[in-house]
Amino acid sequence: MPADGGLLDWAPAGGSGAGLFLPSEYLVKPATERWERREALRLRREVFCAEQGLFGRDDRDIVDRTALLLVAVSCLSGMPEQVVGTVRIHESAPGQWQGSRLAVHADYRRVAWLGSELIRLAVGMAHARGAWRFTAQVQAQNAPLFQRLHWRTLEQIELHGRPHHRMQADLAHYPPCDAAGFVSMPRRAA
C-alpha cells in the first residue's frame, strides 16, 4: 500500500496544511446526469445565496428553463465524484449567446483554474452552435480574469446592488468545442 493511504490519484492542495486533497483530473462538460444538475444548482445556491447574498433562498430564474448547464466534476480513480464548478449558457437571440451563473466551489478556486476552463467550454460550445457573439455580466472583481481570457468590457453596470461589467468574448480565441467537453488536469492558479 502506498504511503499516502492508497490515494495515488490525489495530490495535496499546497501549503495550507488543511489536509485538503485534490483530484488528479476534472471533467469539464455539459451536465448529463440528474445528480450533476442537482449538485450544480446546489453549488450555485451555496455561492450566490449563502456566500455572496446576491439572492434569497434560490438563484434560479426563467433562463434555467432553456439554458445549457455545464459542470466541472472532480474525479477519483477516474470516476466522477463531485460537482466543483458550473456555468450556464443560452442563446438570447439568433447567434447571440450569453453565459451566466459561473460558480466554483470555494475549496477549488485557486487550484485548478476551473473558472477559466468552464469559460473556455462555454464559449467554445456556443461558438460550435453558431454564436457570432458571446457576452456575460461579470462581477467587477472578476473582470480582470475575463480580460486575461480575451474578453472586453462593453459597459459597467450595477446588478443586484453590485458593480458588474457587461463583457464580450473575442471568439477568435475560442475555437468551436466538441459537445462532450474535456478532461482538465489540476494546476495552481496565480
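Reading the values: rules and limits
- Residues numbered from 1 in each chain as written.
- Predicted model: local features only at pLDDT ≥ 70, side-chain atom pairs only at ≥ 80, totals over all residues.
- Heavy atoms only, no water.
- Core = buried A, V, L, I, M, F, W, Y, C linked by side-chain atoms within 4.5 Å.
- Buried < 20%, exposed > 50% of the residue type's maximum accessible area, 1.4 Å probe, protein only.
- Helix = DSSP H or I, 4+ residues; strand = E, 2+ residues; numbered from the N terminus.
- Contact = heavy atoms within 4.5 Å.
- Phe/Tyr/Trp six-rings, centres within 6.5 Å; stacked < 30°, edge-to-face > 60°.
- Salt bridge = Lys/Arg side-chain N within 4 Å of Asp/Glu carboxyl O.
- Pairing = 2+ DSSP bridges.
- Expected span 1.5 Å × (residues − 1).

Engineer: Provide a residue-level description of the nonpolar core, including the pertinent values.
Structural biologist: In summary, soluble globular proteins display a tendency toward joint burial of nonpolar side chains. Grouped together as the largest cluster of nonpolar side chains are 34 residues, with contacts concentrated most on Y108, V123, F134 and W151. Elements with a contribution of two residues or more to this core: β3 (25-30), β4 (68-76), β5 (79-93), β6 (96-104), α2 (114-128), β7 (133-139), α3 (143-148) and β9 (162-169). For this core, the element with the most residues is α2, which contributes 8 residues. Among residues more than four places away in sequence, those in contact with F134 are I89, W97, Q98, G99, A122, V123, A126, W151, M167, Q168, A169 and L171. With 7 residues, the next largest nonpolar core counts L43, V47, F55 and A103 among its residues.

Engineer: Please provide a residue-by-residue account of the packing of aromatic side chains, values included.
Structural biologist: One pass over the full model with this rule turns up 3 aromatic pairs. Plain terms: the ring middles of Y26 and Y108 are 6.2 Å apart, the flat faces sit at 85 degrees to each other, and that makes the pair edge-to-face. Pair noted here: Y26 is in strand β3 and Y108 is in the loop between β6 and α2, with a separation of 82 residues, a long-range link. The exposure class of Y26 is buried, given its relative accessible area of 0%.

Engineer: Describe the pattern of salt bridges, listing the residues and the values that go with them.
Structural biologist: Tallied over the full model, the rule gives 14 salt bridges. Across the salt bridge formed by D58 and R60, the nearest N and O atoms sit 2.6 Å from each other. Under the relative-accessibility criterion, R60 is labelled partly exposed at 49%. Where R88 meets D61, a salt bridge forms, and the shortest distance between an N and an O atom there is 2.9 Å. In this pair, R88 is assigned in strand β5 and D61 in the loop between α1 (34-51) and β4, connecting sequence segments 27 residues apart.

Engineer: A description of the pairing of β5 should follow, citing residues and the corresponding values.
Structural biologist: Bridge analysis of β4 against β5 gives 9 bridges, and the strand direction is antiparallel. The residue of β5 that forms the bridge with C75 is P80. Hairpin connection, β4 to β5: the antiparallel pair is bridged by 2 residues, and S77 has positive phi, about 55 degrees. Pairing analysis gives 7 bridges linking β5 to β6, with the strands arranged antiparallel. Residue pairing across strands places I89 opposite G99, the latter belonging to β6. Linking β5 back to β6 in an antiparallel pair, the connection comprises 2 residues, with G95 at a positive phi of about 80 degrees.

Engineer: Describe in detail α2, supporting the description with residues and values.
Structural biologist: Between its first and last C-alpha, α2 extends 21 Å over 15 residues, near the 21 Å set by a 1.5 Å rise per residue. Counting buried residues along α2, 12 of its 15 residues qualify, which places the element largely inside the surrounding structure. What α2 keeps buried is the set L114, G115, S116, E117, L118, I119, L121, A122, V123, G124, M125 and A126.

Engineer: I'd like a description of unusual backbone geometry, backed by residues and values.
Structural biologist: Of note in this structure, H150 is not a glycine but carries a positive phi near 70 degrees. Locating H150 in the fold gives a position in the loop between α3 and β8 (151-159). The exposure class assigned to H150 is partly exposed, which follows from its relative accessible area of 38%. We note that H160 has phi near 55 degrees; this positive angle belongs to a residue other than glycine. Mapped onto the fold, H160 is located in the loop between β8 and β9.

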